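A look at the structure
Spelled out from the first residue to the last, the chains are:
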Amino acid sequence: MNTAGYMRRFGVTGRGLVVVLPYLWLLLFFVVPFVIVLKISFSDIDLAIPPYKPLLEWVGKNSLAIKLDFNNYAFLFTDRLYINAFLNSIKVAFISTVLCILIGYPMAYGIARAKPATRNLLLLLVILPFWTSLLLRVYAWIGLLKANGVINNVLIWLGVIQDPLTMLYTPFAMYIGIVYSYLPFFILPLYANLEKMDWQLLEAAEDLGCKPWQAFYKITLPLSRNGMLAGSMLVFIPAVGEFVIPALLGGPNALMIGRVLWDEFFSNRAWPVASAVAILLLILLVPFMMWYQSVQARESAGAR
Amino acid sequence: MNYKSSYFILTCLGFGFAFLYIPILSMVVFSFNASKLVTVWDAAHSPTLKWYYSLLNNEEILDAAWISLKVAVINASGSVILGTLAGFGLARFSQFRGRFTLNAMTTAPLVMPEVITGLSLLLLFVALEQLIGWPAGRGITTMTIGHMTFSMAYVTVIVNSRLATFDTALEEAAMDLGARPLKVFFVITLPIIFPAILSGWLLAFTLSWDDLVISSFTSGPGSSTLPMVVFSKVRLGVSPEINVLATITITVVTLMIVGVSLWMSRMAKLDKAAV
Amino acid sequence: MTTSGGALVKAAPWNDPNARPYVQVDRITKSFGEFKAVDDVSLKIYKGEIFCLLGASGCGKTTLLRMLGGFETPSSGKIFIDGEDMTGVPPYERPVNMMFQSYALFPHMNVEQNVAFGLKQDGVAKSEIQDRVATMLGLVKLGDFAKRKPHQLSGGQRQRVALARSLVKRPKLLLLDEPLGALDKKLREHTQFELISLQDKLGVTFVVVTHDQEEAMTLASRIGVMNQGEIVQAGTPSEIYEFPSSKFVADFVGSVNMFEGKLIEDEPEYVRIGSDELGATIYVSHGISAPPEATVWAAVRPEKIFMSTAAPEGTDNVVRGAVQDIAYLGDLSIYLVKLPTGKVVRVTQPNTSRHAEAITWDQQVYLSWDATSPVVVTR
Ligand SMILES: Nc1ncnc2c1ncn2[C@@H]1O[C@H](COP(=O)(O)OP(=O)(O)OP(=O)(O)O)[C@@H](O)[C@H]1O
Ligand SMILES: [Mg+2]
C-alpha cells in the first residue's frame, strides 16, 4: 500500500508500463474477439473463405450499409435441437456440480482436518490428476466403461452379471467423465477455504450445546460457503460449454451445446451460426462469471 | 484430526481417491499389456514393452509432441512475463484506471468455456488477416497466442495471491537502502516470489501441453499438437499406444510435482522462519 | 536519568534559539481520507540527539516516521533535513535510513549480503564494502554469523543485523520504529544500552518510535509525547516527567495522582488550591499562570507521597485515609489509600528494610507531600 503510495508519486510512468502490456494483450486477444464473434453472428452464411458475408457493404458509390441479420438467432430458436442442447447442457452441468459437492465436500473436509503431514500428501494426490492431461484421463474411462472394458470384465468374472452392461456412450458415462475431470477444481478452492477455518469454533459450539452434526451445519457449512460457491462455479461454468467429455464418452446423441458449436463450426462450416451459439452461451454464463468474481473478491478480502 | 466419529469422512476420502486414481492406474497397467484389445489382459505375453517401442517409432505422435513442446515452452515463458506483470500490478497498485477491467479480464478466462475462447480467437485471427495480412495463416504462432491468453490468467492469479502475503516492508527496506523501484523488483521481489513464478510457468506449460479445444480452433494445416492427434485416434477407439503415452505423461508429471513440492515446502519453511 | 549524550544534554541546543536544527519538521499533516493520522506537527531535532516519539498505539508515530523516511507523502507541510527540503525526494535518495519494526531482513540473503546491500546500491568499491561490513558486524558482535541466513538467527541477533544494515551506510539520520519491540524484557534493557553506546560512537542522530515509556526515558535525549496525531509536549525526560504540561502527559508518562481543584490563593511565589476531591488544600511553592477561579489539576507522583501512621505537622498537603490494597513488587510496594471523599490515592514506598514497620490492610494512615512536589496543570 505504502510502496504504492510512494510509487504513485514517482512512478506514474513505470506503473503504467507494468500493466499496459498484459492489459493490451487481454484487450486484443480476449475482449476484441468477442466483438468480432458478435459481428459475425449477425452475418449471412456464404460459401466462401471465410464462410460469411461481410457485415458492412458498399451500397452504390459511397454509402455504407450495415446489414444485421437476425436469421441466425431466429434459426436457433426455431430449431428444437439448439434449445434442447442449451437446456440439456445446463441440466448436465448442474447435476455434475451437485455430484461434485456431494463427493468433494467430505474429501476437502477430510483433507483440511488431517494432520499437517498427511494433509500435504492428500493435497498432492488431489492436485496430481489436475496436472495430467484431461484428454488422457477421459480416455481412461473409455477403457473402463467399454462393453469389453475393465469394469464389465471384473463384474462378469465376479459373477455379478452375465452380459456386459452398456455404460459407454450413455449419460451415465458423461456424468462420470465430467465429475471425474472437474472434481479437483471443486476440492481445491473449498480446501483453501476450510484450511483457514478456526476449528475451535466447532469446539466452542459443542461446548455451548450443539451436537457435532449441528455444529457442522451451523458453523462449518456457512463459513465455507464462499469456498463452496467458488468451487461450484469452477465446475458449473466450464461444464456448460464442455466439449471433449461429451464427444468422447457421451455418444452420438449426447446433446451438449459445446459440441453443437463445434459441429456447426467444423462439420457444417456454419460460422455465423456457431457465433450466434457462442453469443447466447456467453449471455447465459456471464452472470455466473460475475458471481464467481464477486465471490472471489469476498474470499480474498476475508483472507486478509 | 479427530477420526473418532469420522469413519464417514475416511470412507469418502477412500472412495474419492479410488475414483480419481483407478482410471489412471488402469492405463498404466494396460500399457504393458500385449493384446491389441487393450482392456483384455493377455497373460501369456504380458507384461511387455512392445507398445513403448511402437510409440517411440510413431512419427505422427513424435512430430505432434515436438510441436506441442515448442508451443508449451513459448507459451509458458510468455505467460509468466505477462501474468507476473498483471499480478504485480493488481497486487501493488491499489488504484489505477482500468484496474477493474484488468481484474475481470484475468478472471474470466479461468472459467470461460474453451469452445467460446477458441472460436472467438479464430475469428479474430481471420479478421486480422483480412485487415492487415497478419497472421498469415494459422499455426504455431496463433496457437501460442491463444494459449497465452488463458494461461496468463492462471499465472496472474498465482502471482497476485503470493504477493498478497508478501511483506511490503522488505521492498521499502531495499528502497531505503538506496535501490530504485526497478532494482527492488529484480533483486528483492522477484527472488522471493520465484517459487510462485515457477509454479506459474509449470502450470502454463501443462495447460498448453494438454489443450485440445483452443488448439483445434487456432491451428492450421501441418501444425497438429499432441492432444489433437490423440483425440483423433481416441475417437476411432482405444489404442494401446495411448496408454503408453498416458503412462509416460503421468510418470513425468508425478516426478515433477513431487520434486517441486518438496523443494517448495523447504522454501516455504525458510520463508516462514525468516518472517 | 538520561544516559545518552551527556555533553549534548548539557549543551541543550533546543534551548538555544540560534542553534541550527538538523531535522526540521514544519507543520506536517497527513490525512488518510477524512482521518488525520498526523495533525499539524512541528519539531526540531538536533545533531547527535536520540529523539523518542512516545505515544499510545495508533497515535501516528509510525506515520510521522515514515514521512521522515520518504515512504509516505505529507498532505501538507515540509520536512527539512540538514537544511534541505525533502519534498519529492524518494527514499533511495534521502540521507536517512530506517530500521523496520519487523526488521525486514531479506530472507534470501545471508547476514553479510543483507548488510552489504545498501553499500552495493551506492556503488561502493568491493574491498571497501567488505571492510565496512566486517567492521559493522564486529560492532554489533555478529562477526561469527556473517554467512547465516536470517531464519537461522535468534530474535536479538536479527535485531542487530537490521541495525547493522541501516547503520553501515553511515546515514546522518537513523529512524527506528519500535527497534526493541520484538525482544523480551531482559534483552530489551540490555540492548537499550548497546544502542546508546553505538549511537555515541557513530555520532548518528536517532529518531526512535516507542510506546514503552521506560524505554523512552532510558534512550532519549528528548521525548516527543504524541496524542491523536499531535505532539503534546517535547522535552528532556526529566522535563517531561517532572514538569508535564498537561493532564495527558502527566498521566501518560509514569503514574500520577490527579486532584482537581480551584485556585484559592494565587501569588507569584506560591499558590493554594482547594480540592473537594482531596478533601484538603494543596500548597504549591511556585507560581503558575492561570486565571483566578480557574479549574486546575494538581498532579502528585506516587513516589513523592509520604505515608505515616503518626499525623505530620501542618494542614496543607496532608490527608488521612485507609489502606485499601497493597501490591508487593519486590523493590517497592504500591499502596492504594482510600480517602474519606472516596478518592483512591496511589502511593509507592521503597522496600528498604526487610522488617520495616508493616502497614497493613485497613490501617488508617496519613499522606503528605512537599510543597515542591505537585505539578499544576490547567488542561
Ligand atoms: N495507510 C493507511 N490508511 C489509513 N489509515 C492509516 C494508514 N496508516 C495508518 N493509518 C491510521 O493512522 C493512525 C496512526 O497510525 P500509525 O501507524 O502511525 O500509529 P502508531 O502510532 O505507529 O501506532 P502503533 O504503536 O500501534 O504502531 C492509525 O489510526 C491508523 O489506523
Ligand atoms: Mg507503529
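Just above, that's the structure.
Presented here is an overview of the structure given in this document. Within every chain, residues take consecutive numbers counted from 1 along the sequence as written. Each chain takes a letter, starting from A, and each ligand takes a number, starting from 1, following the order in which they are written. Confidence filtering applies because this is a predicted model: local features only for residues at pLDDT of at least 70, side-chain atom pairs given and counted only at 80 or more, and all residues used for totals across whole chains, interfaces and linings. Excluded from the side-chain calculation are hydrogens and water; included are all heavy atoms of the structure.

Section: the sheet that holds strand 4 (residues 76-81) of chain C
All names here are of chain C. Let me state the cut-off plainly: Two strands form a pair only when DSSP identifies at least two bridges running between them. Strands are runs of DSSP state E lasting at least two residues, helices are runs of H or I lasting at least four, and both sets are numbered from the N terminus onward.
Taken together, four strands build an open sheet; the order of strands is 2-1-4-5 and the sheet is antiparallel. Both edges of this open sheet fall to strand 2 (35-45) and strand 5 (84-85), since each of them pairs with a single strand only. In terms of strand pairing, strand 1 (residues 23-32) meets strand 2 through seven bridges, oriented antiparallel. Each bridged residue has a counterpart across the sheet, and for Lys30 the counterpart in strand 2 is Val38.

Some details on the state of the cysteines
For the record, the criterion: In what follows, a disulfide is any cysteine sulfur pair within 2.5 Å. Working definition: with a 1.4 Å probe on protein chains only, accessible area under 20% of the residue-type maximum means buried, over 50% means exposed, and in between means partly exposed.
The full count for this structure, using the stated rule, is zero disulfides over all chains. The thiol sulfur of Cys100 of chain A is not disulfide-bonded, and the nearest other cysteine sulfur, from Cys12 of chain B, lies at 14 Å. Using a relative accessible area of 17% as the deciding quantity, one classes Cys12 of chain B as buried.

Details of unusual backbone geometry
The backbone of Tyr169 of chain A sits at a positive phi, close to 60°, despite the residue not being glycine. Along the polypeptide, Tyr169 of chain A turns up in the loop between helix 7 (150-158) and helix 8 (171-195). Relative accessible area serves as the criterion here: at 44%, Tyr169 of chain A is assigned to the partly exposed category. Positioned with a positive phi, Asp82 of chain C is a non-glycine residue whose angle comes to about 55°. Residue position: Asp82 of chain C is located in the loop between strand 4 and strand 5. Judged by its relative accessible area of 26%, Asp82 of chain C is partly exposed.

Structural notes on a nonpolar patch on the surface
All names here are of chain A. Filter applied, for reference: Exposure above 30% relative accessible area and the absence of a salt bridge qualify a residue for a patch, where like charges join within 9 Å and nonpolar side chains (Val, Leu, Ile, Met, Phe, Trp, Tyr) within 5 Å. To measure how exposed things are, a 1.4 Å probe is used in the Shrake-Rupley method; for residues, cover is taken only from the protein chains shown. The term salt bridge refers to a side-chain nitrogen of Lys or Arg lying within 4 Å of a carboxyl oxygen of Asp or Glu.
On the surface, Phe94, Ile95, Val98, Leu99 and Leu102 cluster together into a nonpolar patch covering about 420 Å² of accessible area. The topology assignment puts Leu102 in helix 4 (residues 80-113). Among the residues examined, Leu102 registers a relative accessible area of 58% and is labelled exposed.

Quick notes on the interface of chain A and chain B
The following threshold applies: Note on definitions: a residue-residue contact is assigned when non-hydrogen atoms from the two residues lie within 4.5 Å. Buried area is calculated as the accessible area (1.4 Å probe) missing from two parts once they are joined, with the contributions of both summed. In protein, a polar contact requires one atom able to donate a hydrogen and another able to accept it; more generally it is a pair of N or O atoms within 3.5 Å, and residues adjacent in sequence count only if both atoms are side-chain atoms. Gly falls in the polar group here, along with every residue not listed as nonpolar (Ala, Val, Leu, Ile, Met, Phe, Trp, Tyr, Cys, Pro) or charged (Asp, Glu, Lys, Arg).
Contact with chain A, which involves 90 residues of that partner, is made by 95 residues of chain B. With both sides pooled, the region where chain A packs onto chain B buries about 8,400 Å², and carbon together with sulfur makes up 81% of that total. If you look at where chain A meets chain B, you find zero salt bridges. Between the two partners, chain A and chain B, sit five residue pairs in polar contact (both at pLDDT 80 or more). Broken down by element, the residue count for the side of chain A that touches chain B peaks at 19 residues, all from helix 2 (residues 12-41) of chain A. Each residue belonging to the side of chain A that touches chain B can be placed in one class, and the counts come to 70 nonpolar, 13 polar and seven charged.

Some words on the site of ligand 1
Residue and element names in this part refer to chain C. So the rule is basically this: One heavy atom suffices: a residue is near a molecule or strand as soon as one of its heavy atoms comes within 4 Å of it.
Close to ligand 1 lie Phe32, Phe35, Ala37, Ala56, Ser57, Gly58, Cys59, Gly60, Lys61, Thr62, Thr63 and Glu178. Listed by contribution, the elements that provide at least two residues to the shell around ligand 1 are strand 2 and helix 2 (61-69). Sorting elements by how many residues they give to the shell around ligand 1 places helix 2 first, with three residues. Classifying every residue of the shell around ligand 1 by side-chain character gives five nonpolar, five polar and two charged.

Points about the sheet that holds strand 18 (residues 344-350) of chain C
Residues and elements named next belong to chain C. Note the following rule: Interaxial angles span 0 to 180 degrees and are taken between N-to-C directions of axes, which are lines fitted to C-alpha atoms, for helices over the stretch in contact.
In spatial order, the strands read 15-19-16-17-18; together these five strands make up an open sheet with antiparallel pairing. For this open sheet the edge positions go to strand 15 (306-308) and strand 18, each flanked by a neighbour on one side alone. Strand-to-strand twist of the sheet, defined as the mean angle between neighbouring strand axes without regard to direction, takes the value 45°. Looking at chain direction, strand 15 and strand 19 (residues 364-368) are connected through three bridges and run antiparallel. When the bridges of strand 19 are listed, Phe306 appears paired with Ser368.

Coordinates in, geometry out; function isn't part of it.
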